[in-house]
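Results of the structural survey
Chain residues, written in single-letter form:
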Amino acid sequence: MTTAPSTCRRAVVAALLLLAACHRTTGTLSEEQQQRCDREGIVRRAVDLPFRQTHDLGTRDAGWEELTASIVVTKESIVIHRADTFRFEVTPRSIRLIEVSRDHERLSIRAGGTTSAVSWSFRPPDDPAGWAEDMRAVVKATAGAKRREGRTP
């Protein structure tokens, strides 16, 4: 028994649709979020990177997880997101202690004090020194950094 060409065609189309549905990107933002990033001026962007998110640093509940996420650095903010869900955000209004560190090719951004801090680390696709510099510029302009330096936000 032979299979009709239209049945084969439908099977191929169904397989391609299934394959496309399995490959989802973390880089898609909502229209409103994308417009905000565009307004702020995107400086760096990387999609679908492996991140290590460490939580509750300095406590007995500390732990970590590895996940795929995307990052956008604008002139005003840093956003680590999975699709349109923001997992970590630094804005001019941020008041927590935030530090960006670099160890060779790996960058880490840490927010919080000595207890209950959170950290996100990743390897940028290119120019780790440039990424670190751009992220530090955002952190330096936060309300918390200005207050610690004795400047009024």
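Residues numbered from 1 in each chain as written. Predicted model: local features only at pLDDT ≥ 70, side-chain atom pairs only at ≥ 80, totals over all residues. Heavy atoms only, no water.

1. Some thoughts on unusual backbone geometry
The phi dihedral of Asp56 falls on the positive side, at around 55°, and the residue is not glycine. Among the secondary structure elements, Asp56 is positioned in strand 1 (residues 42-57). Asp56 gets classed as partly exposed once you look at its relative accessible area, which sits at 27%. With phi around 60°, His104 is a residue other than glycine that occupies positive phi space. (Helix = DSSP H or I, 4+ residues; strand = E, 2+ residues; numbered from the N terminus. Buried < 20%, exposed > 50% of the residue type's maximum accessible area, 1.4 Å probe, protein only.)

2. Observations regarding helix 2 (residues 31-40)
Those residues of helix 2 that fall on the buried side of the exposure criterion are Gln33, Arg36, Cys37 and Glu40. For helix 2, the angular spread of buried residues about the axis comes to 95°, placing them on one side. Seen from the buried face of helix 2, the exposed residues on the opposite side, beyond 90 degrees, are Glu31 and Arg39. Tucked into the core, helix 2 has its buried residues touching strand 1, strand 2 (63-74), strand 3 (78-82) and strand 4 (85-90). Gly41 lies just past helix 2 and shows a positive phi near 90°. (Arc of directions from axis to C-beta. Contact = heavy atoms within 4.5 Å.)

3. Observations concerning the pairing of strand 7 (residues 117-122)
Summarising burial for strand 7: 6 of the 6 residues are buried, a large majority. Neither face of strand 7 is left uncovered, since the one carrying Ala117, Ser119 and Ser121 and the one carrying Val118, Trp120 and Phe122 both have all their residues buried. Sheet analysis places strand 6 (residues 106-111) next to strand 7, joined by 5 bridges and oriented antiparallel. By the bridge assignment, Ala111 is partnered in strand 7 with Val118. (Pairing = 2+ DSSP bridges.)

4. A closer look at the side chain of Arg44
Its place among the elements puts Arg44 in strand 1. A distance of 2.7 Å separates the side chain of Arg44 from the side chain of Asp134, its partner in a polar contact. Beyond its immediate sequence surroundings of up to four residues, Arg44 is in contact with Ile71, Val72, Val73, Asp126, Asp127, Gly130, Trp131 and Asp134. (Polar contact = N/O pair within 3.5 Å; in protein donor to acceptor, adjacent residues only side chain to side chain.)

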